[in-house]
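Survey of secondary and tertiary structure
Spelled out, the chains give:
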Amino acid sequence: MVGLQEAPRCEIEVNYNQFGANPPPEMNPVEDYFVQNNENSGSPLLYNPSSPQNSPGSESSTNAKPGHMNQASDLLMAVSIGAALNKNKIIEQAMEAMEELFKLATMGEPLWQHNGNGGMETLNGFQYLREFGSFDATMEQIMRMVEVGEPQCFLSSDCNCNFDQDVPSSFSKLNFEPLNIETSRETAFVEMNPMNIVQLLMDTKQWATTFYSIVSRTTLLGVILENVDGSYNGVLQVMSAEFHQRTPLIPARQCYFARYCKKHTNGTWGVVDVSLENLFPYPQVQFRRRPSGCVIQEVGNRGSKVTWIEHVEVDNKSLHPLFRPIVSSGFAFSAKRWIATINRHCQWLTTSTARTAPSTDGVLIPQEGRESLLKLAEKMTKNFFNNINSCSENVWSGLPQNFAAQDVRLRYGNILKVPGKPSGNIVIFTTSIQIPVPMEVLFDFLRHERTRNRWDLLSNQRHVRELVYVSNGENPKNRVSIMQVNSSPNKIEILYLQESYTDETGSYIVYAPMDIMAMSKILNGGNPKFVSILPSGFSIMPEKAPGQGDGAVGSILTLAFQSVDRLSNKEYMPQSTLKIIDAILSTTVASIKDAMLFGIR
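Here we summarise the structure given alongside this text. All of these numbers come straight from a predicted model, not from anything done at the bench.

Digging into the overall build of the protein chain
Of regular secondary structure, the protein chain possesses 13 helices and 19 strands. Across the 601 residues of the protein chain, 58% fall into the buried class. The contacts of the protein chain with a sequence gap of at least 6 include a subset with a gap of at least 24, amounting to 66%. With an accessible surface of roughly 25,100 Å², the protein chain has 50% of that area assigned to carbon and sulfur atoms.

Topic: the environment of E186
You can see E186 is positioned in strand 3 (residues 180-190). Among the residues examined, E186 registers a relative accessible area of 16% and is labelled buried. For the pair E186 and A105, spaced 81 residues apart in sequence, the C-alpha separation works out to 9.2 Å. Setting aside residues up to four positions removed in sequence, E186 forms contacts with V306, T307, W308, A335, K336, I339 and E504. In this structure the side chain of E186 is engaged in a polar contact, spanning 3.2 Å, whose partner is the side chain of K336.

Digging into the nonpolar core
Core analysis: the biggest nonpolar cluster contains 48 residues, and L201, W207, F211, F243, W308, F323 and I326 have the highest contact counts within it. Residue assignment places this core across two domains, with domain 1 (180-352) and domain 2 (366-599) each supplying three or more.

Considering the pattern of salt bridges
Across all of its chains, the model carries 17 salt bridges by this definition. Across the pair E242 and R217 runs a salt bridge whose closest N-O atoms are separated by 3.1 Å. Of the two residues, E242 sits in strand 5 (residues 236-243) while R217 sits in strand 4 (residues 215-225), which places them 25 residues apart along the sequence. With a relative accessible area of 0%, E242 lands in the buried category. When salt bridges that share partners are traced, they join R259, D273, R289 and E310 into one network.

Brief notes about the state of the cysteines
Throughout the structure, instances matching the rule amount to 0 disulfides. C294 carries a free sulfur, and the closest cysteine sulfur to it, the one in C261, is 8.9 Å from it. Under the relative-accessibility criterion, C294 is labelled buried at 2%.

Here's the deal with helix 4 (residues 125-132)
The periodicity of an α-helix, 3.6 residues per turn, causes residues three or four positions apart to be oriented the same way. For helix 4, the full list of buried residues reads G125, F126, Y128 and L129. Each buried residue of helix 4 lies within a common arc of 160° when the element is viewed along its axis, so the set occupies one face. Of the residues flanking the start of helix 4, the one acting as N-cap is N124, its side-chain oxygen 3.0 Å from the backbone nitrogen of F126.

Describing the packing of helix 11 (residues 439-447) against helix 13 (residues 575-597)
In contact at an axis separation of 11 Å, helix 11 and helix 13 are set at 125° when each is read in the N-to-C sense. With respect to each other, helix 11 and helix 13 are oriented oblique. Crossing of helix 11 against helix 13: the hand is right-handed. In this structure, helix 11 contributes V441, L442, F445 and L446 to the contact, and helix 13 contributes I592, A595 and M596. Of the residues assigned to the contact of helix 11 with helix 13, the class counts are 7 nonpolar, no polar and no charged.

Things to note about the pairing of strand 17 (residues 506-514)
For strand 17, the tally of buried residues reaches 9 of 9 residues, placing the bulk of the element in the interior. Across the two faces of strand 17 the burial is the same, with G506, Y508, V510, A512 and M514 and S507, I509, Y511 and P513 all buried. Of the strand pairs in this sheet, strand 17 and strand 18 (residues 536-542) are connected by 5 bridges, and their pairing is antiparallel. By the bridge assignment for strand 18, Y511 is matched with S536.

Focus: helix 10 (residues 367-388)
Compared with the 32 Å implied by 1.5 Å per residue over 22 residues, the 32 Å span of helix 10 between its first and last C-alpha is a close match. With 17 of 22 residues buried, helix 10 is to be regarded as a mostly interior element.

Observations concerning the packing of aromatic side chains
In the structure shown here, the tally under the stated rule is 18 aromatic pairs. An angle of 55° between the planes, with centres 5.0 Å apart, marks the rings of F211 and W338 as tilted. Of this pair, F211 sits in the loop between helix 7 (204-210) and strand 4 while W338 sits in helix 9 (residues 335-353), placing them 127 residues apart in sequence. On the basis of relative accessibility, which here comes to 4%, the residue W338 falls in the buried class. Relative to F385, the ring of Y212 has its centre 5.7 Å away and its plane inclined at 35°; by these criteria the two rings are tilted.

Some points on the packing of helix 9 against helix 10
Here helix 9 crosses helix 10 at 150°, and the two axes come no closer than 8 Å. On the basis of their axis angle, the class for helix 9 and helix 10 is roughly antiparallel. Counted together, W348, T351, S352 and T353 of helix 9 and Q367, R370, E371, L374, K375 and E378 of helix 10 form the full contact between these two elements. The residue inventory of the contact of helix 9 with helix 10, partitioned by class, reads 2 nonpolar, 4 polar and 4 charged.

Regarding the environment of Y212
Along the chain, the position of Y212 falls in the loop between helix 7 and strand 4. On the accessibility criterion, Y212 (7% relative accessible area) is buried. On a C-alpha basis, the gap between Y212 and K382 in space is 6.6 Å, while along the polypeptide they are 170 residues apart. Leaving out residues up to four positions away in the same chain, Y212 has contacts with H244, R344, E378, T381, K382 and F385.

A word on unusual backbone geometry
For the peptide bond that leads from E109 to P110, omega is 5°, which places it in the cis range. With phi around 60°, Q461 is a residue other than glycine that occupies positive phi space. Relative to the assigned elements, Q461 resides in the loop between helix 11 and strand 14 (463-471).

Let's talk about the pairing of strand 7 (residues 269-275)
In terms of burial, strand 7 is a largely internal element, 7 of the 7 residues being buried. Of the two faces of strand 7, the one holding W269, V271, D273 and S275 and the one holding G270, V272 and V274 are both buried throughout. By the bridge criterion, 7 bridges tie strand 6 (residues 253-263) to strand 7 in an arrangement that is antiparallel. Each bridged residue has a counterpart across the sheet, and for K263 the counterpart in strand 7 is W269. Here strand 6 folds back onto strand 7, and the loop between the two strands holds 5 residues, one of which, G267, carries a positive phi near 85°. Two elements, strand 7 and strand 9 (residues 292-299), share 5 bridges in a ladder whose sense is antiparallel. From the neighbouring strand, V272 faces strand 9, where its bridge partner is G293.

Conventions adopted
Residues numbered from 1 in each chain as written. Predicted model: local features only at pLDDT ≥ 70, side-chain atom pairs only at ≥ 80, totals over all residues. Heavy atoms only, no water. Helix = DSSP H or I, 4+ residues; strand = E, 2+ residues; numbered from the N terminus. Buried < 20%, exposed > 50% of the residue type's maximum accessible area, 1.4 Å probe, protein only. Contact = heavy atoms within 4.5 Å. Areas by Shrake-Rupley, 256 points an atom, 1.4 Å probe, with all protein chains shown as cover. Polar contact = N/O pair within 3.5 Å; in protein donor to acceptor, adjacent residues only side chain to side chain. Core = buried A, V, L, I, M, F, W, Y, C linked by side-chain atoms within 4.5 Å. Domains from an automatic or database assignment. Salt bridge = Lys/Arg side-chain N within 4 Å of Asp/Glu carboxyl O. Disulfide = S-S within 2.5 Å. Arc of directions from axis to C-beta. Axes fitted to C-alpha atoms, helices over the stretch in contact; angles between N-to-C directions. Parallel < 35°, antiparallel > 145°, perpendicular 65-115°, else oblique. Left-handed = near helix turned anticlockwise from the far one by under 90°. Nonpolar A, V, L, I, M, F, W, Y, C, P; charged D, E, K, R; others polar. Pairing = 2+ DSSP bridges. Expected span 1.5 Å × (residues − 1). Phe/Tyr/Trp six-rings, centres within 6.5 Å; stacked < 30°, edge-to-face > 60°.

By themselves, these are just geometric observations and shouldn't be taken as functional.
Structure below.
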């Protein structure tokens with residue numbers, strides 16, 4: 001049996017409460033709130049797996065109204081696409097979208113251009129209109145005047161722009177509206193064969209599972225075209241989905257779209273999405289997918305060359321000012337992010353099936369234990385992303401203005417029900433701040449064992465050690481770790497499960513307290529489905545896109561915590577709870593800012 005082999009002499013005293021911790025005598029009210037109100041997290045067999053609504057990992061909302069609205073809209077769309085006339089319109093639009101996708105994937109300059117060193121590849125708006133639009137002499141004259149710099153332009157050269165409200169009538173022929181146009185293209189090698197990538201995209205469950213950091217909700221509404229031989233070639237289906245970032249301050253993007261898959265003569269596959277709102281008008285359309293998707297080419301026997309294209313129209317009027325530069329540039333929902341996510345998925349598959357894995361201090365994890373640990377970490381990270389996004393099922397509110405922490409969002413999660421214990425509401429609270437240091441500096445500070453006690457309230461003045469880790473991919477900083485917090489050399493206070501991951505589009509550090517009994521079972525191959533877990537953590541984005549503007553690129557940090565609170569309910573949250581939430585966020589933010597701004601790294 002594999003256990004946590006700290007040392008045979010270690011005197012382990014653990015109270016199996018929320019943080020697996022024995023609170024020291026000097027614990028303050030903030031620490032007390034975390035420990036006393038969060039019992040049994042990281043413990044085995046804490047809920048009935050046959051009752052997912054009682055699980056901390058369940059996605060059910062505290063307010064069912066938004067979900068019911070989505071279900072009603074989905075039902076109406078499903079009925080509408082069944083009409084023969086509508087089917088023909090969808091088929092025609094999907095085939096035109098596939099033709100455009102292949103042109104966008106294969107054409108170079110002047111249609112595509114790079115935005116600075118390391119920047120995204122974006123569409124040239126004028127060239128796109130010439131290639132795919134239909135315009136008259138008036139439009140041609142306007143474009144010529146813009147190119148020589150005469151009147152104020154109505155289109156920016158990269159298409160990631162807002163169209164002026166007073167657009168000439170000739171623009172209406174192109175179906176342009178005053179929405180922000182975001183475009184990007186990314187080409188990369190993916191260690192997966194084309195057929196597996198196609199299946200991953202066309203199977204809605206696999207798609208949502210793989211891209212859980214982007215897709216918060218998806219529904220297959222109907223299949224318009226099927227392939228009799230069982231392959232995905234020629235399959236056309238209608239879907240609804242919500243796309244999110246890892247913060248409630250960036251509105252989720254919802255749309256209905258057709259997804260069409262086609263295999264071309266040279267063995268290249270294409271999977272394209274195109275919105276259906278122009279066929280089924282809605283009173284307020286805030287997001288549309290123009291032809292977007294990927295072209296997949298086989299590269300030997302090792303993998304695929306994938307060219308991903310994102311081309312969307314979106315209303316960013318309600319966007320928080322902190323995130324406006326990074327979102328309006330198109331980087332926050334760019335093709336680069338989709339490619340990075342599928343590559344992360346491939347790395348996870350490779351790591352979970354590897355015969356051996358690095359370990360530290362002689363703690364050897366059998367393959368079954370490594371797989372269980374990775375699955376539990378994935379469950380934890382999915383839970384974290386589901387908790388903090390702005391999808392329609394997450395109903396957020398704010399703190400009153402007289403509190404110190406700014407731009408705080410909080411909401412109730414699921415009710416945690418544990419046999420033999422009083423139930424409690426899960427409270428999730430989050431805020432986002434700008435920090436003028438590069439993303440990699442902030443990521444290293446938050447993930448590392450040496451600096452954890454400078455920001456973590458429960459690790460303050462205690463010794464933190466990374467007991468064991470499993471690397472995920474070639475970057476050694478991308479790993480799943482077990483962190484051990486000691487108040488003295490022979491006394492374990494807390495165990496944390498932590499996943500840290502970074503790529504050029506963003507970073508995250510997600511962690512959750514675990515008790516020793518639960519962790520020991522996981523390391524011996526126990527089923528992670530039976531372990532309750534309440535994750536907290538950080539999401540980091542660059543404050544602007546690479547190549548956008550002059551000067552160094554700082555970071556936007558989103559902090560999110562969750563705790564079980566038995567004093568409040570959906571109708572009432574006491575002032576004492578609000579004060580503690582404010583103190584947790586304010587203290588943590590101040591600690592991180594002090595460390596970053598005054599060089600304590």
